[in-house]
Amino acid sequence: MSELHEILDTPTPEKTAFIMSFLSRIYEHFRSTGSVRTDIPDMYEVLLRAAIPGFALRKPEEHPRYYRYSPEEEIREPALNGHDLALIFQHCRELGLEECINQMIGRILEEIDTMDMKDFPTSILPLLEDLLSDIKKGEVNAERFKRLFQTGLAKYIVTYVSDEPKQLKWSRELTKCNGDYRGYFPGYGATKLKAGTCQDCRQMNVFLQSPTETVWRFPAAEARRKHLINKLSDKHECFTTIEKPHTPFSLVVTKHKRSMDEKHRKWKARVSEVKGHLQSLEGRHRILDNVLHERYADIMAVRVKNLRVEAGQAVEGSNDRSEHTQAGPSQVAGQKRKAAVVDLTDD
Ligand SMILES: [Zn+2]
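All of the points below concern the structure found in this document. (Residues numbered from 1 in each chain as written. Predicted model: local features only at pLDDT ≥ 70, side-chain atom pairs only at ≥ 80, totals over all residues. Heavy atoms only, no water.)

1. Looking at empty space enclosed by the protein
Piece 1. Applying the stated rule across the entire model yields two cavities of 30 Å³ or more.
Piece 2. Considered as a void within the structure, the largest cavity measures approximately 40 Å³ in volume.
Piece 3. Leu8, Lys15, Thr16, Ile19, Met20, Ala51, Gly54 and Phe55 are the residues that line the largest cavity.
Piece 4. With four residues, the top contributor of residues to the lining of the largest cavity is helix H2 (residues 13–32).
Piece 5. Of the residues belonging to the lining of the largest cavity, the class tally is five nonpolar, two polar and one charged. (1 Å grid on protein atoms, 1.4 Å probe; cavity = no way out; pocket = protein on both sides within 12 Å on 5 of 7 lines; lining within 4 Å. Points joined across faces, edges and corners; volume = space filled by probe spheres on them. Helix = DSSP H or I, 4+ residues; strand = E, 2+ residues; numbered from the N terminus. Nonpolar A, V, L, I, M, F, W, Y, C, P; charged D, E, K, R; others polar.)

2. A word on the sheet that holds strand S4 (residues 238–243)
Piece 1. In spatial order, the strands read S3-S5-S4; together these three strands make up an open sheet with antiparallel pairing. Only two strands of the sheet have a single partner each, and these edge strands are strand S3 (215–219) and S4. Strand-to-strand twist of the sheet, defined as the mean angle between neighbouring strand axes without regard to direction, takes the value 20°.
Piece 2. Of the pairings in the sheet, the one linking S3 to strand S5 (residues 250–255) comprises five bridges and is antiparallel in character. Looking at S5, one finds that Arg217 is bridged to Val252.
Piece 3. Relative to S3, helix H9 (residues 199–209) is tilted by about 165°, and along the sheet it contacts S3, S4 and S5.
Piece 4. In the packing of helix H10 (residues 222–231) onto the sheet, the strands contacted are S3, S4 and S5, and the crossing angle to S5 comes to about 20°. (Pairing = 2+ DSSP bridges. Axes fitted to C-alpha atoms, helices over the stretch in contact; angles between N-to-C directions. Contact = heavy atoms within 4.5 Å.)

3. Here's the deal with the pairing of S4
Piece 1. In this sheet, S5 lies alongside S4 in antiparallel orientation, the contact comprising six bridges. From the neighbouring strand, Thr240 faces S5, where its bridge partner is Val253.

4. Comments concerning the side chain of Arg58
Piece 1. Residue position: Arg58 is located in the loop between helix H3 (39–51) and helix H4 (82–95).
Piece 2. At a separation of 2.9 Å, a polar atom in the side chain of Arg58 contacts the side chain of Asp119. (Polar contact = N/O pair within 3.5 Å; in protein donor to acceptor, adjacent residues only side chain to side chain.)

5. A word on the packing of aromatic side chains
The way to describe two aromatic rings as a pair is by their centre distance and the angle between their planes.
Piece 1. By the definition in use, this model includes seven aromatic pairs.
Piece 2. Relative to Phe22, the ring of Phe18 has its centre 6.2 Å away and its plane inclined at 10°; by these criteria the two rings are stacked. Taken together, the positions of Phe18 and Phe22, both in helix H2 and four residues apart, correspond to about one turn of that helix.
Piece 3. With relative accessibility at 57%, the residue Phe18 sits in the exposed group.
Piece 4. On the numbers, 5.2 Å between centres and 25° between planes, the contact of Trp216 with Phe218 is stacked. Across the pair, Phe218 and Trp216 agree in class, each one buried.
Piece 5. An aromatic cluster is defined as three or more aromatic residues linked by ring pairs; in this entry it consists of Phe120, Tyr156 and Tyr160. (Phe/Tyr/Trp six-rings, centres within 6.5 Å; stacked < 30°, edge-to-face > 60°. Buried < 20%, exposed > 50% of the residue type's maximum accessible area, 1.4 Å probe, protein only.)

6. Considerations on H2
The α-helix winds at 3.6 residues per turn, so residues separated by three or four positions along the chain end up facing the same way.
Piece 1. Between the first and last C-alpha of H2 there are 28 Å, a value that for 20 residues agrees with the 28 Å anticipated at 1.5 Å per step.
Piece 2. Looking at the packing, one finds that the buried side of H2 touches H3, H4 and helix H5 (98–112).
Piece 3. Where H2 ends, the next residue or the one after it, Gly34, has phi of about 70°, a positive value. (Expected span 1.5 Å × (residues − 1).)

Here you go:
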């Protein structure tokens, strides 16, 4: 038996998905055939208790799909199916293993902190959905699952949606010509420090650094204009044009906020995605407010800031935290979400 504990002890999402799927289906099978004898519940309890400490959910992919060159799909083990968890909760109630339910809620809430939030609709929402229907039927007490609903959904919203990205100021990074510029001099073999600083870059840096200036004109001969254009890269988020009514022509540098607009578009898409999930959770039962209580309004309206404390995250300033979100371009990329089906009903 200690071997079993050793195997299950090391948390891996695959083992968790396997054992939860196995337990939920095997018990359903024995129950449906009416052969739940004393030794079956005992075995169930031993297996479940051994599995709880190592309960783990899938973590975000280290190298998301869009970074990969390989055209072949990497096969990921399926995420844990939330309906399996709901069945296990039912079995625990039936077998009087109330304490196991509490332990599992604790582990689920811990794992939500580090899980791949793209799995939330597969692994957690179905559990909440099934619990709501059991609450509606009067089979379980809503109060008991209040924390799972409140904290679980708050964590999901705060981590997955994250704060609204905002263009706070127009300041941009400086160009790298001042002082630290190292030119390559053929014949010397190595780079050596180029003496002095470039006046033109200094002028442009004043503009780049400015939190308010968005357009800058620089009348100069072609070589000097080209030097500045070469110093600007994507990270400066500027576009350049040449104004030709007078000589010397002017270089016009304009700051744009395309990347911020793009971040904002993605953020809005995440908000409506989450709202959609919450509305379908509310769905036919209309009893979500019985479990969410004082958090109901903030959760349903996806108010990230108001949910930070509930989610166990420190309240931060209005920094742009959108970099920290787990959502990425692969958000809708086809994931292998089919849970393994063990069909025990056929003979
Ligand atoms: Zn320069």
